[in-house]
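Structural description and commentary
Okay, here's what each chain looks like letter by letter:
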There are 2 protein chains.
Amino acid sequence: MALYTYLQLKTFTEQVFVKIGCPAEDATLAADALVAADLRGIDSHGVARLSGYLRLWEAGRINPKPQIKILHQTPSTASIDGDGGLGLVVAPKAMKIALEKSELVGSGWVAIQNSNHFGIAGYHAMMALPKDMIGFAMTNASPLVAPTFSTERLLGTNPIAVAIPADKQPAFVADFATTTAANGKLEILQRKQQDAPLGWIQDSTGNASTNPNELKQGGALLPLGGDREHGSHKGYCLGAMVDILSAVLSGANYASWAPPFVHFLPLAANPVGKGLGHFLGAMRIDGFRPAEEFKQHMDTWILRFRNAKPIEGQPKVYIPGDIERETAHERQTKGWELLAPVEEDLKNIALKFQLSL
Amino acid sequence: MALYTYLQLKTFTEQVFVKIGCPAEDATLAADALVAADLRGIDSHGVARLSGYLRLWEAGRINPKPQIKILHQTPSTASIDGDGGLGLVVAPKAMKIALEKSELVGSGWVAIQNSNHFGIAGYHAMMALPKDMIGFAMTNASPLVAPTFSTERLLGTNPIAVAIPADKQPAFVADFATTTAANGKLEILQRKQQDAPLGWIQDSTGNASTNPNELKQGGALLPLGGDREHGSHKGYCLGAMVDILSAVLSGANYASWAPPFVHFLPLAANPVGKGLGHFLGAMRIDGFRPAEEFKQHMDTWILRFRNAKPIEGQPKVYIPGDIERETAHERQTKGWELLAPVEEDLKNIALKFQLSL
């Protein structure tokens, strides 16, 4: 099987985005955001999604030339209309506004409406790191998750990312879906024809299920916690908070009105807002204490956890971001293989646009 | 058994805080924050803790006359030294600063060092509601929680609260520990001599346990998710984020250095900061969209969830804050019973300070 390099996939992705009409600068931005997912080992959110973006573009649901504009603002907050653009373009531009506000008044918070899927949340949060800021990113998503006690799918996997700089240690980068398991993990089990653990999904009547295909039959993903006894109401609170900050605050579609990622599902009738929503933020560390002092304490924090006594037979304690950073280092140096259907997808895209992969 | 009223318990608590040397205004503030927990049905965080606060005061670990001061600030951020005061006094004063900053520049974020236990996080977050702002509150706490894959207790139950106003519907108020179950729930099982569900706790070697007394034998509470397969690494991320924002950012003690709530456990040798830490924040809704428009959409959001189809045999879908608000309404009108040991505690306190309960 062929090994692909970061540069090769990024260049290809960039060319594809140019082909669908993105200005060169936007195509570069989008490719950088998208392929960051593959590099960090989050294969479900990288080039595997490229064909999905193209189908949304073909269906007229993605505007390749968005004119992003600020709708409301204060010195530390703003809401932004993404003009139906790729989230991969809209979100980095919105995060830039959050960083500028943070530079000026200590923190910056931006809610975005009328956008689309933005890749991995961690990419946007990490934009804060080189500026000695703490970065936050979240987004709502296709409704696949049932709140505690319901059979209806009202929330997305609604991820939260937080990026916090350290000194000699690498940064703390948490990036996680607010469900027990992300949808990508179910897709892996479907391909392997393996059962899912209890606590990940329920069937269409709300019974616990281990069938990874349950979502195709009206089932739902479960909020982090799985069931009430194990705190699913807390996962539901987190997913709800992400939905409200990303979509109610920005003027996007929330709850079951959130637009689906797949082109073959219709958009909700009577939309309550525009497109998908994100919420991004940044805080200057030196708005609280000197950055050097903070970062040295972050090193102490990180080392305390990394060196904590492991349970016998279990791996060490990881710092959020460790695994993704190690994967990125390995893939950056050695390249990596694509799953056969993803490679096939990219080859078809190359053929269609007369590009070489 | 006697029924107690809100006013009766609040007045008593206020008098007790005056007796230990709090200025009248601080005693009122602290009593309001503390008894709000009982009113909302979170009995573990209300007057049941009064004797604990007194023992910390007797041990010289609480300063009844704190001079709170701002250490660093920007227009939208600040760090605050709580001067060893009650968190019940320090946190509402810090939240007031966050609200003032939010009024001026759209959002306000305050990290607090050198504080103590602050009651329920929700109380502080809810201070934002009457101002048409979204409120956030979190705190680190006594280390009782093991990160995924470790036997060591490095985090507290580290709660997160988010309060979001609506229009005709009551506000959305999420307030939850970032563990599968809060410590208060274990205490209830201990009293009832019942087993805990799997996924709440582990024993001192890291094995799954159902013994609610496990924490007294070196066991640990588990992060939300319970085990790796069910997403405990996400609960660990959340608890870690709360610890870092509350304590590393403010200059308080973090990780295993966080001060214990119980007076009989020693403070950590070589502290890495001062006291316990909190992180509070507020954002003006009209920094993003007109407040009336937002609140009407919150009503739509709330009704969509509240009217979602329930699983057969399960209760309806709750909106975060529903249960606490219903309890508060009932207790406000009818009063409520105290658990026998709590009533006994309060009677002893009354005797000691020559107060009538």
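The structure presented is a predicted model; accordingly, all values stated were derived computationally and were not measured.

Describing a nonpolar patch on the surface
A grouping of V262(A), F264(A) and L265(A) is seen on the molecular surface, where their side chains present a nonpolar patch of about 280 Å² in accessible area. Looking at L265(A), the relative accessible area reads 40%, which means it is partly exposed.

What about empty space enclosed by the protein?
Applying the stated criterion across every chain yields a total of three cavities of 30 Å³ or more. Of the voids in this model, the largest cavity is the one considered here, and its volume is about 240 Å³. Of all the elements in the fold, those that place two or more residues in the lining of the largest cavity are β5 (133–139) and α7 (232–248) of chain A together with β5 (133–139), β6 (160–164), α7 (232–248) and β11 (276–284) of chain B. Its residues assigned to classes, the lining of the largest cavity shows 18 nonpolar, no polar and no charged.

Brief notes about the interface of chain B and chain A
Counting from both sides, the interface comprises 93 residues of chain B and, opposite them, 93 residues of chain A. Across the chain B to chain A interface the summed buried area is about 7300 Å²; carbon plus sulfur atoms make up 69%. Contact with chain A buries area across many residues of chain B, yet F149(B), K234(B) and F288(B) alone supply 11% of it, more than any other trio. Linking chain B to chain A there are two salt bridges.

Comments concerning the sheet that holds strand β9 (residues 208–209) of chain A
Residues and elements named next belong to chain A. Spatially, the three strands line up as an open sheet ordered β9-β8-β10, and their pairing is antiparallel. Two strands lie at the open edges of the sheet, namely β9 and β10 (220–221), each paired on one side alone. Across two bridges, the pairing between strand β8 (residues 201–202) and β9 is antiparallel. Paired with I201 across the bridge in β9 is S209.

Notes on the side chain of K295(B)
Relative to the elements of secondary structure, K295(B) occurs in helix α8 (residues 291–306). At 2.9 Å, the side chain of K295(B) and the side chain of D132(B) are in polar contact.

Focus: the domain arrangement of chain A
Many authors give the size of an interface as the accessible area that is lost as the parts come together. Residue and element names in this part refer to chain A. Domain boundaries assigned for chain A yield domain 1 (1–65 + 321–357) and domain 2 (68–180 + 222–320). Computed from C-alpha coordinates alone, the two centres of domain 1 and domain 2 are separated by 22 Å. In this complex, domain 1 contributes 28 residues to the contact, which on the side of domain 2 involves 29 residues. When domain 1 packs against domain 2, close to 2600 Å² is buried across both sides, 61% of that on carbon and sulfur atoms. Considering only the side of domain 1, the residues that lose the most area to domain 2 are Y53, R61 and D322, jointly responsible for 23% of the buried surface there. Across the domain 1-domain 2 interface, the total number found is two salt bridges. One salt bridge connects R306 with D322, and the closest N-O pair in it is separated by 2.6 Å.

Quick word on the relation of the copies chain B and chain A
At an RMSD of 0.0 Å, chain B and chain A line up after a rotation of 180 degrees and a shift of 0.0 Å along the axis. These values place the two chain copies in the arrangement generated by a two-fold rotation axis. In terms of proximity to the rotation axis, the leading residue of chain B is G225(B), whose C-alpha is 2.4 Å off the axis.

Quick word on helix α6 (residues 183–192) of chain B
In an α-helix there are 3.6 residues to a turn, and that puts residues three or four apart on one side. Residues and elements named next belong to chain B. Those residues of α6 that fall on the buried side of the exposure criterion are G184, L186 and L189. Lining the buried residues of α6 we find β8 (201–202) and β10 (220–221). Q193 lies just past α6 and shows a positive phi near 55 degrees.

The rules behind these values
- Residues numbered from 1 in each chain as written.
- Chains lettered and ligands numbered in written order.
- Predicted model: local features only at pLDDT ≥ 70, side-chain atom pairs only at ≥ 80, totals over all residues.
- Heavy atoms only, no water.
- Patch = residues over 30% accessible without salt bridge, like charges linked within 9 Å, V, L, I, M, F, W, Y side chains within 5 Å.
- Areas by Shrake-Rupley, 256 points an atom, 1.4 Å probe, with all protein chains shown as cover.
- Salt bridge = Lys/Arg side-chain N within 4 Å of Asp/Glu carboxyl O.
- Buried < 20%, exposed > 50% of the residue type's maximum accessible area, 1.4 Å probe, protein only.
- 1 Å grid on protein atoms, 1.4 Å probe; cavity = no way out; pocket = protein on both sides within 12 Å on 5 of 7 lines; lining within 4 Å.
- Points joined across faces, edges and corners; volume = space filled by probe spheres on them.
- Helix = DSSP H or I, 4+ residues; strand = E, 2+ residues; numbered from the N terminus.
- Nonpolar A, V, L, I, M, F, W, Y, C, P; charged D, E, K, R; others polar.
- Contact = heavy atoms within 4.5 Å.
- Buried area = accessible area lost by both parts, 1.4 Å probe.
- Pairing = 2+ DSSP bridges.
- Polar contact = N/O pair within 3.5 Å; in protein donor to acceptor, adjacent residues only side chain to side chain.
- Domains from an automatic or database assignment.
- Least-squares fit on C-alpha atoms with pLDDT ≥ 70 in both.

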